[in-house]
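Here is how the chains run, residue by residue.
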Amino acid sequence: MPILTVFYIKLIINLGLTFGIFWVISRSDLFSKWQKENEKLIFGLGFLILRLIPWAGIFLIVSEEPRGDIPFFFYKAEAAKNGGFVYRDFWSYHAPIYAYIISLPVWIWHNARAIVLFMVLMESGILWLTYQTYKQKSSRALQLAIIYYLLPAGFMYILVDGQEEVWFWGAALLIWRYTIRKTDHYEIGIGLLYALALLTIKVTFIFLLPALLVVVKRPVKMLLVMAAVGIPAVGFLYWQIGDLFLMPIRHTEQLMTPNLFSVSRPFVEMIIHIN
């Protein structure tokens, strides 16, 4: 499909989603009622209409190929499925366990579209857990969950590009819920969860650490727990592949931020085709 056609389709979808947001905002009383009586039905319909059906329409009916990072995700998921060792046998800019996690749907359906569906399911699971965390505190929790489903950026980011950044919030939410359940001496649990997140998602999750160290009562204890998990993991990687485990950090040397050309490309394509 020509890139200009994709641009117009995205524009129409985003306008429709924006109008949907305005409608949901205007029906606060209705959503408050649904939250008390039909929360699972409404949340399920939101998932079905705003995630599952669009996924089926894009990748099964229209037969579009996944875009963004998904082809690269599929490359390393396929390599992980075939028994490759991360960083040594295939490139990866994520944490060491990530490639093996996204290879799970590929075992069921050997196709890049399976990874997009997996990302959709992960996102909705995190959103449901977020809703369960907030619903006792706010009568607008269900309404806000549906607004999230309608956000154009999230819609495109998950359904078209299959990105995993929402996993960061999922990890932070697990840490937060743990502190709610265990109000004292929670540093061991937080340290374990944080260390597992660093081994599972991306090294950039480390940016949350300074704020977390300020909040916890015993930051040194938390750091010691993280070290108890992280040092053996790093030691094992170094034993197996040397300093190749630094690949995610070296990835930051490549400047990949949005630029004038990427933003203006749909309009440039109206004048000249770019391969």
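Note: the structure precedes this text.
These numbers were taken from a predicted model, which means no experiment stands behind them.

What counts, and at which threshold
Residues numbered from 1 in each chain as written. Predicted model: local features only at pLDDT ≥ 70, side-chain atom pairs only at ≥ 80, totals over all residues. Heavy atoms only, no water. Helix = DSSP H or I, 4+ residues; strand = E, 2+ residues; numbered from the N terminus. Buried < 20%, exposed > 50% of the residue type's maximum accessible area, 1.4 Å probe, protein only. Polar contact = N/O pair within 3.5 Å; in protein donor to acceptor, adjacent residues only side chain to side chain. Axes fitted to C-alpha atoms, helices over the stretch in contact; angles between N-to-C directions. Left-handed = near helix turned anticlockwise from the far one by under 90°. Contact = heavy atoms within 4.5 Å. Nonpolar A, V, L, I, M, F, W, Y, C, P; charged D, E, K, R; others polar. Patch = residues over 30% accessible without salt bridge, like charges linked within 9 Å, V, L, I, M, F, W, Y side chains within 5 Å. Areas by Shrake-Rupley, 256 points an atom, 1.4 Å probe, with all protein chains shown as cover. Salt bridge = Lys/Arg side-chain N within 4 Å of Asp/Glu carboxyl O.

### Some thoughts on the side chain of K135
Line of reasoning, step 1. As for its position among the elements, K135 is in the loop between α7 (112-134) and α8 (141-150).
Line of reasoning, step 2. When its relative accessible area of 19% is taken as the criterion, K135 is described as buried.
Line of reasoning, step 3. Separated by 3.3 Å, the side chains of K135 and Q132 make a polar contact.

### Some thoughts on the packing of α7 against helix α10 (residues 166-181)
Line of reasoning, step 1. Where α7 meets α10, the axes come as close as 10 Å, and the angle between the chain directions of the two elements is 35 degrees. Note on packing geometry: the crossing formed by α7 with α10 is left-handed. Contacts between α7 and α10 involve F118, M119, M122, E123, I126, L129, T130, Q132, T133 and Y134 on the former and, on the latter, V166, W167, W169, G170, L173, L174, W176 and R177.
Line of reasoning, step 2. For the contact of α7 with α10, the per-class residue count stands at 12 nonpolar, 4 polar and 2 charged.

### Observations regarding unusual backbone geometry
Line of reasoning, step 1. Here the phi dihedral of S63 falls at roughly 60 degrees; this positive angle occurs in a residue that is not glycine.
Line of reasoning, step 2. Along the chain, S63 turns up in the loop between α3 (39-61) and α4 (70-81).
Line of reasoning, step 3. S63 sits in the partly exposed class, given a relative accessible area of 43%.
Line of reasoning, step 4. Backbone geometry at H185 places phi at a positive 55 degrees, although glycine is not the residue there.
Line of reasoning, step 5. When you line up the elements, H185 lands in the loop between α10 and α11 (187-200).
Line of reasoning, step 6. For H185, a relative accessible area of 41% puts it in the partly exposed group.

### Notes on a nonpolar patch on the surface
Line of reasoning, step 1. Side chains of Y8, L11, L15, F19, F22, F267, M270, I271 and I272 sit close together on the surface and give an oily, nonpolar patch of about 1000 Å² of accessible area.
Line of reasoning, step 2. The element that contributes the greatest number of residues to the nonpolar patch is helix α1 (residues 3-26), accounting for 5 residues.
Line of reasoning, step 3. With respect to the secondary-structure elements, I272 resides in the segment after α15 (260-268).
Line of reasoning, step 4. A relative accessible area of 52% places I272 in the exposed class.

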